[in-house]
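So the chains spell out like this:
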Amino acid sequence: SVSDHERRLKRIREYDFPVLSKMVGDDSKNFESRAHAMFFLADAYSMLASDCKKDERGGPWITYQMNAMALYWRYGQIAEASDSPAHDLKKAVLAYLRYLNIAETVGFYTHDELIWRITALIESDPTVPELHYMLAVHAAQVDAKKGFFLAERASKVAAEARLNPTFIPTDSQIEWKALRIAAECARANRSEKSAKELAKRAIAAGGPPEAFEGFV
C-alpha cells in the first residue's frame, strides 16, 4: 500500500511544485502572495531533498537543498523588510532558521560562521528555542565553557516555550537535549558533579535514562 509519506511526495511533485513555481514567477500576482508561495516552494524543495540519498554521487539531494536555502533566504529578506507588503518578522526568523538548518546539514558554514549568524538571528527574536539549541551545539565544538553557558540558556528558553508556546512550534526534546550538551561541556571542563546534576535534570525533563548512562 502507498504510505502517507509517498502520497505527500506525489502531491508535491505533481501539484505543489509546479503550482508554486509558477506563482513565484507570475508578475500578475500580488507581491504578498508570491512571497508566501516562495516560502512554501522552499518547503517543497526541502521535502523532496528528504526523500533523496545524501551520499548518492550526482544525485538531486544537494540541488534540492540549495534551492530550498535560496528561497528561504529570499523570503526572509522580503519578510524582514519593514516597508515590504509581506513584512512579518516572526516568519522571517522562521525562514532564516530553516535556511540555517539546511546550511548546517550541508556543511555550508564553519562552526564559527554559524555561531555568528545564529547569534544575529537570536537578537531579532530571543524566544526561539531551536536557535538557542543550535547555537549551543556549535559553540560547544569551539569552547566548552561557552557551550555550557549557552546550553543551559537553551534549556531555559525551551522550558519557557513549553509553558508559553511561541509562533514557531517547539521540539519537545530540546530542553533535555540542551541539558545533555551542558552535561558534556561540564565533563569537558572537568566538573563531574555538575555533569551528573545536569544529567538528572535532563532525565527529569523527559530525556531517556539510557542516553545518560555515562553520567548518572
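Figured I'd write up the structure that's included with this text.

Calculation criteria
Chains are numbered independently. Their residues run from 1 in the order of the written sequence. Reporting of local features is limited, given that this is a predicted model, to residues whose pLDDT is at least 70; pairs of side-chain atoms are given and counted only at 80 or more, and all residues count toward the totals for whole chains, interfaces and linings. With hydrogens and water excluded, all non-hydrogen atoms of the structure serve as input to the side-chain values. Distance thresholds for patches are 9 Å for like charges and 5 Å for nonpolar side chains (Val, Leu, Ile, Met, Phe, Trp, Tyr), applied to residues having over 30% relative accessible area and no salt bridge. Using a 1.4 Å probe, accessible areas were evaluated by the Shrake-Rupley method; residue-level cover was limited to the displayed protein chains. In the sections that follow, a salt bridge refers to a side-chain nitrogen of Lys or Arg positioned within 4 Å of a carboxyl oxygen of Asp or Glu. The helix and strand labels rest on DSSP assignments: H or I over at least four residues marks a helix, E over at least two residues marks a strand, and numbering proceeds from the N terminus. Two axes enter the bend calculation: one fitted to the seven residues ending at the residue in question, the other to the seven starting there, and the bend is the angle between them. Relative accessible area decides the class of each residue, using a 1.4 Å probe on protein chains only: under 20% of the type maximum gives buried, over 50% gives exposed, and in between gives partly exposed. Contact definition: two residues touch when any of their heavy atoms are within 4.5 Å. Think of it this way: a Phe, Tyr or Trp ring, Trp meaning its six-membered ring, pairs with another when their centres are within 6.5 Å, and the plane angle makes it stacked under 30 degrees, edge-to-face over 60, tilted otherwise.

Description of a nonpolar patch on the surface
Moving on, step 1. A surface patch of nonpolar side chains, about 240 Å² in accessible area, is lined by Ile 62, Met 66 and Phe 108.
Moving on, step 2. The topology assignment puts Met 66 in helix α3 (residues 61–80).

Here we look at helix α1 (residues 4–24)
Moving on, step 1. Approximately 45° is the largest bend angle found in α1, and it occurs at Ile 12.
Moving on, step 2. Taken as a whole, α1 has its buried residues at Leu 9, Ile 12, Asp 16, Leu 20 and Val 24.
Moving on, step 3. Against the buried residues of α1 lie α2 (31–50).

Structural notes on the pattern of salt bridges
One side chain can pair with another of opposite charge once the charged atoms of both are near each other.
Moving on, step 1. In total, this model carries 11 salt bridges according to the counting rule given.
Moving on, step 2. In this structure, the salt-bridge partner of Arg 13 is Asp 51, at a minimum N-O distance of 3.3 Å. Residue Arg 13 is located in helix α1, and its partner Asp 51 is located in the loop between α2 and α3; the two are separated by 38 residues in the primary sequence.
Moving on, step 3. Given a relative accessible area of 37%, Asp 51 falls into the partly exposed group.
Moving on, step 4. A salt bridge links Glu 184 to Arg 180; the shortest N-O distance between them is 3.1 Å.

Things to note about the environment of Gly 59
Moving on, step 1. Following the sequence through the fold, Gly 59 ends up in the loop between α2 and α3.
Moving on, step 2. For Gly 59, a relative accessible area of 14% corresponds to the buried category.
Moving on, step 3. Sequence-wise, Gly 59 and Ala 151 are 92 residues apart; in three dimensions their C-alpha atoms are separated by 36 Å.

Observations regarding the packing of aromatic side chains
Moving on, step 1. Overall, the coordinates contain 11 aromatic pairs when judged by the stated rule.
Moving on, step 2. Where Tyr 45 meets Tyr 64, the ring centres are 6.1 Å apart and the plane angle is 45°; that geometry is what we call tilted. Remark: Tyr 64 occurs in helix α3 and Tyr 45 occurs in helix α2; sequence separation between them is 19 residues.
Moving on, step 3. A residue is classified by how much of its surface remains accessible, and Tyr 45, at 13% relative accessible area, is buried.
Moving on, step 4. The exposure class of Tyr 64 is partly exposed, given its relative accessible area of 22%.
Moving on, step 5. Members of the aromatic cluster, joined through ring pairs, are Trp 73, Tyr 96, Tyr 99, Phe 108 and Tyr 109.

Comments concerning the environment of Lys 145
Moving on, step 1. By the secondary structure assignment, Lys 145 is in helix α7 (residues 144–163).
Moving on, step 2. Considering only alpha carbons, one finds Lys 145 and Phe 31, 114 residues apart in sequence, at a separation of 46 Å.

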